[in-house]
Amino acid sequence: MEEMQNSQDFIVVGAGIIGAMIAYRLVTHGYSVMLVDQGPPGGQASRAAAGILSPTAEAGSSVPFFDLLQASFLRYPALIEEIEEASQMHVDLHQTGVIQAALDDVEANRLHELYRWQKTKVAVEWVTSAQLKDLEPDMQHAVGALYAPHEMQVHGPKLVQALVRAGNHAGMVSRFGVMVQRFLTSKSGDVLGIETTKGQYRAQKAVIVAAGSWAQSILATLDEVRALPVKPIRGQILALTSDEVPIRHIVFAHHRYVVPKPDGRLILGATEDDAGFDDRVTADGVAQLAQSFHYFGPRVPQMHWQAIWAGLRPMAPDGLPILGPWPGRQGLYVAAGHYRNGVLLSAITGDLVLNWAQNGTLPPSGFLPERFWRS
Ligand SMILES: Cc1cc2nc3c(=O)[nH]c(=O)nc-3n(C[C@H](O)[C@H](O)[C@H](O)COP(=O)(O)OP(=O)(O)OC[C@H]3O[C@@H](n4cnc5c(N)ncnc54)[C@H](O)[C@@H]3O)c2cc1C
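Criteria and cut-off values
Position labels on residues start from 1 in each chain and follow its written sequence. Residue-level local features of this predicted model are given only where pLDDT is at least 70; pairs of side-chain atoms are given and counted only at 80 or more, and the full residue set underlies all totals for whole chains, interfaces and linings. As a rule here, side-chain values cover all heavy atoms of the structure and leave hydrogens and water aside. Each domain's limits were defined by an automated method or a database of domain assignments. Here a residue is near a molecule or strand as soon as one of its heavy atoms is found within 4 Å of it. Two N or O atoms form a polar contact when they lie within 3.5 Å of each other; inside protein one atom must be a possible hydrogen donor and the other a possible acceptor, and for residues adjacent in sequence the pair counts only when both atoms belong to side chains. Here the accessible surface of atoms and residues is derived via Shrake-Rupley with a 1.4 Å probe, and residues count as covered only by protein chains that are part of the display. Strands are runs of DSSP state E lasting at least two residues, helices are runs of H or I lasting at least four, and both sets are numbered from the N terminus onward. Here the term charged refers only to Asp, Glu, Lys and Arg, the term nonpolar to Ala, Val, Leu, Ile, Met, Phe, Trp, Tyr, Cys and Pro, and the term polar to all other amino acids, Gly among them. The rule is short: rings of Phe, Tyr and Trp, with Trp giving its six-membered ring, pair when the centres are within 6.5 Å, and they are stacked under 30 degrees, edge-to-face over 60, tilted in between. Think of it in three bands: residues with accessible area under 20% of the maximum for their type are buried, residues over 50% are exposed, and the middle band is partly exposed, with areas taken using a 1.4 Å probe on protein chains only. Charges are assigned to positions over rings by a cutoff of 6 Å between ring centre and Lys NZ or Arg CZ, combined with an angular limit of 35 degrees from the ring normal.

### Regarding the domain arrangement of the chain
Logical step 1: We note that the domain assignment places domain 1 (7–48 + 157–230 + 318–372), domain 2 (98–146) and domain 3 (231–315) within the chain.
Logical step 2: Computed over C-alpha atoms, the centres of domain 1 and domain 2 are 38 Å apart.

Next comes the structure, spelled out in structure tokens:
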């Protein structure tokens, strides 16, 4: 058993996209950091993601959430350039553009409402059915669409690998295959470090819990009266191939989407099932996705089957991320609950943790953990 041979400024628990980004940002700003995961880096939800970076499709009608997504989106190009340079890896950032297609008038009205306020913030366009034929010839059945030509996609799993590689180059300590079992605490309850299956590790400044859907069970070992309200929501998602991929943009329709990847695959996702920690693919998931093939025109159902997989999105009751110091404990910070947008939100999450480390600045109050216990 390794003993307390390691003492870092920060210990980050969880090497998904959120933990890997936080660890990278801290280590490249002069802090000593240890990144710990019970499995390989990016082995859980972050492995499943489609890699869409779309504030316009994901914010719903919430303006504060749109602003958070957009702030993260704007950080992406420069951050990816830096990470690619530092890791000597490509992570496939592409400006594919995002089309939210309305397949009926009810959906067209909802999307046009979104368009009316989103156009005051970003360069979105309203596209008529006739104009849509030029953008996506196979979407002739849509009655209109909200189009965000500037929006992008990235390869989420490659981004996690690049962050770990760049972090290690900068001096980050990685411990993979190491499960965090509980926290080390002082008599007054301050968090001093972690106890793991491979020994104890101390954090001089803080332990940052970025354990996705598992964050709640780690925090529960502190015997808190207050449980972190994060639960897993399974997403099943599949890949198709063909000699010529019929869709050029990321297209959303009726709560499903397709993402054309640079390697020639078309990703089609995703279900939302409450199945606890079961991350296996089900027959019903396959059926739900297959029922949506025709939303994207006549050629998608004719494509060839390649693969199907699933992951567990960490969801809070209000669907928003939970970011900030854990109330009542020194030395503990939580970054979890990124639900459908962890890849997109990783950039702003890394910045918010870094700002807190550097000068104690808190994230906007609507994302703090204590929002669940305010009267
Ligand atoms: C089908 C699907 C499609 C998606 N598409 C997109 C998309 O297009 N765009 C987007 O932005 N987001 C997307 N998401 C959401 C995104 O994948 C998640 O929000 C994001 O991956 C969450 O990252 P995370 O690091 O918090 O969690 P995870 O990636 O789950 O990482 C948590 C890590 O913590 C580790 N861990 C847990 N417990 C312990 C312990 N006790 N000790 C040590 N380590 C531990 C786990 O092993 C794991 O590696 C999608 C999700 C799914 C399922």
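### Topic: the site of the ligand
Logical step 1: In the vicinity of the ligand, 34 residues are found, and the nearest of them are Asp 37, Ser 46, Ile 52, Tyr 339 and Leu 344.
Logical step 2: Between the ligand and the protein, one listed contact pairs an oxygen atom with a backbone N or O atom of Gly 51 at 3.0 Å.
Logical step 3: Within the backbone of Arg 340, an N or O atom sits 2.9 Å from a nitrogen atom of the ligand.
Logical step 4: Within the complex, 98% of the 1000 Å² of free accessible area of the ligand lies under protein.
Logical step 5: Those elements giving two or more residues to the shell around the ligand turn out to be α1 (17–27), α2 (45–48), β12 (231–241), β16 (304–315) and α10 (342–359).
Logical step 6: Counted by class, the shell around the ligand contains 19 nonpolar, 12 polar and 3 charged residues.
Logical step 7: Counting the residues that make up the shell around the ligand, at least three belong to each of domain 1 (7–48 + 157–230 + 318–372) and domain 3 (231–315).

### Re unusual backbone geometry
Logical step 1: In this model, Gly 269 is joined to Ala 270 through a cis peptide bond whose omega is -20 degrees.
Logical step 2: Its identity is not glycine, yet Asp 92 carries a phi of approximately 60 degrees, on the positive side.
Logical step 3: Inspection of the secondary structure assignment puts Asp 92 in the loop between α4 (63–87) and β4 (98–102).
Logical step 4: Phi at Tyr 339 takes a positive value of approximately 45 degrees, unusual for a residue other than glycine.
Logical step 5: With respect to the helices and strands, the residue Tyr 339 is situated in the loop between β18 (332–336) and α10.

### Let's talk about the packing of aromatic side chains
Logical step 1: For the coordinates displayed, the defined rule picks out 9 aromatic pairs.
Logical step 2: Relative to Trp 117, the ring of Phe 66 lies with its centre 5.4 Å away and its plane at 80 degrees, an arrangement referred to as edge-to-face. Here Phe 66, found in helix α4, pairs with Trp 117, found in helix α5 (residues 105–118); they are 51 residues apart in sequence, far enough to count as distant. Trp 117 shares its class with Phe 66; the two are buried.
Logical step 3: Plain terms: the ring middles of Trp 214 and Phe 277 are 5.7 Å apart, the flat faces sit at 40 degrees to each other, and that makes the pair tilted. Here the residue Trp 214 occupies a position in the loop between β11 (199–209) and α8 (215–220), and Phe 277 occupies one in the loop between β15 (265–269) and α9 (283–290), the gap between them amounting to 63 residues.
Logical step 4: When its relative accessible area of 47% is taken as the criterion, Phe 277 is described as partly exposed.
Logical step 5: By the ring-pair criterion, three or more aromatic residues cluster together here, those being Trp 326, Phe 372 and Trp 373.
Logical step 6: The side chain of Arg 226 reaches across the aromatic face of Trp 373, ending 5.2 Å from its centre.

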